[in-house]
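Below, each chain spelled out in residue letters.
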Amino acid sequence: LTSAHDASTLDTLHSEMREHRSVLIGQSGVGKSSLINAMIGDTVQSVGTLSAKSGQGRHTTTTSVLYRCPQGGELIDSPGVRDFAPYIDDPRVVASGFRDLLRFTDDCRFPDCSHRAEPDCAVKAAVDDSHIAPRRYQSFLRLYELTETLRAERYG
């Protein structure tokens, strides 16, 4: 875990990167450029402000740039990706990537609950009781449905 605002985590990252060429890849607005600036020790990449509406970062990097780190190693800042869909073979595995959902899955009535339409689903109840943010649940549903679609395309 690394934060542009925590020098001790940056030291650990520096030691891992020394003697290597590394690239930062991730979704738009998550802080890749802020991390680059902290690693280089200078404002070499422009960073945007957080959106007042969503509280999230905004897409600012438009091209990939290679930087040489003062502590050794090289770091490439890349434009963010807007959509990210990892290949998941089994849609039932999707919940394991959502820690906030995962803590409720053992309490579902059915051990193979998809957390979408089954009765006595603890995940859906946790959303209704505000223990899981509706936005997170919607992200889970979109990834679950995407996984189902890709699986159907692959296996027919």
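Residues numbered from 1 in each chain as written. Predicted model: local features only at pLDDT ≥ 70, side-chain atom pairs only at ≥ 80, totals over all residues. Heavy atoms only, no water.

**A word on the sheet that holds strand β1 (residues 21–24)**
Next up, step 1: The strand order across the open sheet formed by three strands is β1-β3-β2, and the pairing between neighbours is mixed. Two strands in the sheet have a free side with no partner beyond their single neighbour: β1 and β2 (65–68). Averaged over neighbouring strand pairs, the angle between their axes works out to 25° when direction is ignored.
Next up, step 2: With four bridges joining them, β2 and strand β3 (residues 74–77) adopt antiparallel strand pairing. Following the sheet pairing, Y67 is matched in β3 by L75.
Next up, step 3: Contacts from helix α2 (residues 32–40) reach β1, β2 and β3 within the one sheet, and its direction differs from that of β3 by about 155°. (Pairing = 2+ DSSP bridges. Helix = DSSP H or I, 4+ residues; strand = E, 2+ residues; numbered from the N terminus. Axes fitted to C-alpha atoms, helices over the stretch in contact; angles between N-to-C directions. Contact = heavy atoms within 4.5 Å.)

**What about the environment of G80?**
Next up, step 1: Examined against the element boundaries, G80 turns out to sit in the loop between β3 and α3 (99–105).
Next up, step 2: By relative accessible area, G80 is classed as buried at 17%.
Next up, step 3: Sequence spacing of G80 and V30 is 50 residues, and the spatial spacing of their C-alpha atoms is 8.3 Å. (Buried < 20%, exposed > 50% of the residue type's maximum accessible area, 1.4 Å probe, protein only.)

**A few points about the pattern of salt bridges**
Next up, step 1: By the definition in use, this model includes six salt bridges.
Next up, step 2: Here the residues in one salt-bridge network are R21, R68 and E74, joined through shared partners. (Salt bridge = Lys/Arg side-chain N within 4 Å of Asp/Glu carboxyl O.)

**Some details on the packing of aromatic side chains**
Note on aromatic pairs: each is described by the distance of the centres and the angle between the planes.
Next up, step 1: Inspection of the entire model under this criterion finds three aromatic pairs.
Next up, step 2: Put simply, the rings of F98, Y137, F140 and Y144 pair up and form one aromatic cluster. (Phe/Tyr/Trp six-rings, centres within 6.5 Å; stacked < 30°, edge-to-face > 60°.)

**Topic: the nonpolar core**
Next up, step 1: Residues V94, L101, V123, I132, Y137 and F140 are the most contacted members of the largest nonpolar core, which totals 19 residues.
Next up, step 2: Contributions of two or more residues to this core are made by α3, α4 (122–128) and α5 (134–155).
Next up, step 3: Top element by residues in this core is α5. It accounts for five residues.
Next up, step 4: Contacts of V94, omitting those with residues within four sequence positions, involve I88, F140, L143, Y144 and T147. (Core = buried A, V, L, I, M, F, W, Y, C linked by side-chain atoms within 4.5 Å.)

**So, α2**
Next up, step 1: Among the nine residues of α2, seven are classified as buried, and the element is accordingly described as predominantly covered.
Next up, step 2: Looking at α2, one finds that the buried residues are K32, S33, L35, I36, N37, M39 and I40.
Next up, step 3: Remark: G41 follows α2 within two positions and exhibits a positive phi of approximately 85°.

**Brief notes about unusual backbone geometry**
Next up, step 1: Here H115, not a glycine, exhibits a phi torsion of approximately 65°, which is positive.
Next up, step 2: As for its placement among the helices and strands, H115 is situated in the loop between α3 and α4.
Next up, step 3: Under the relative-accessibility criterion, H115 is labelled buried at 5%.
Next up, step 4: Positioned with a positive phi, S130 is a non-glycine residue whose angle comes to about 65°.
Next up, step 5: Positionally, S130 belongs in the loop between α4 and α5.
Next up, step 6: Residue S130 is classed as exposed on the basis of its relative accessible area, which comes to 64%.

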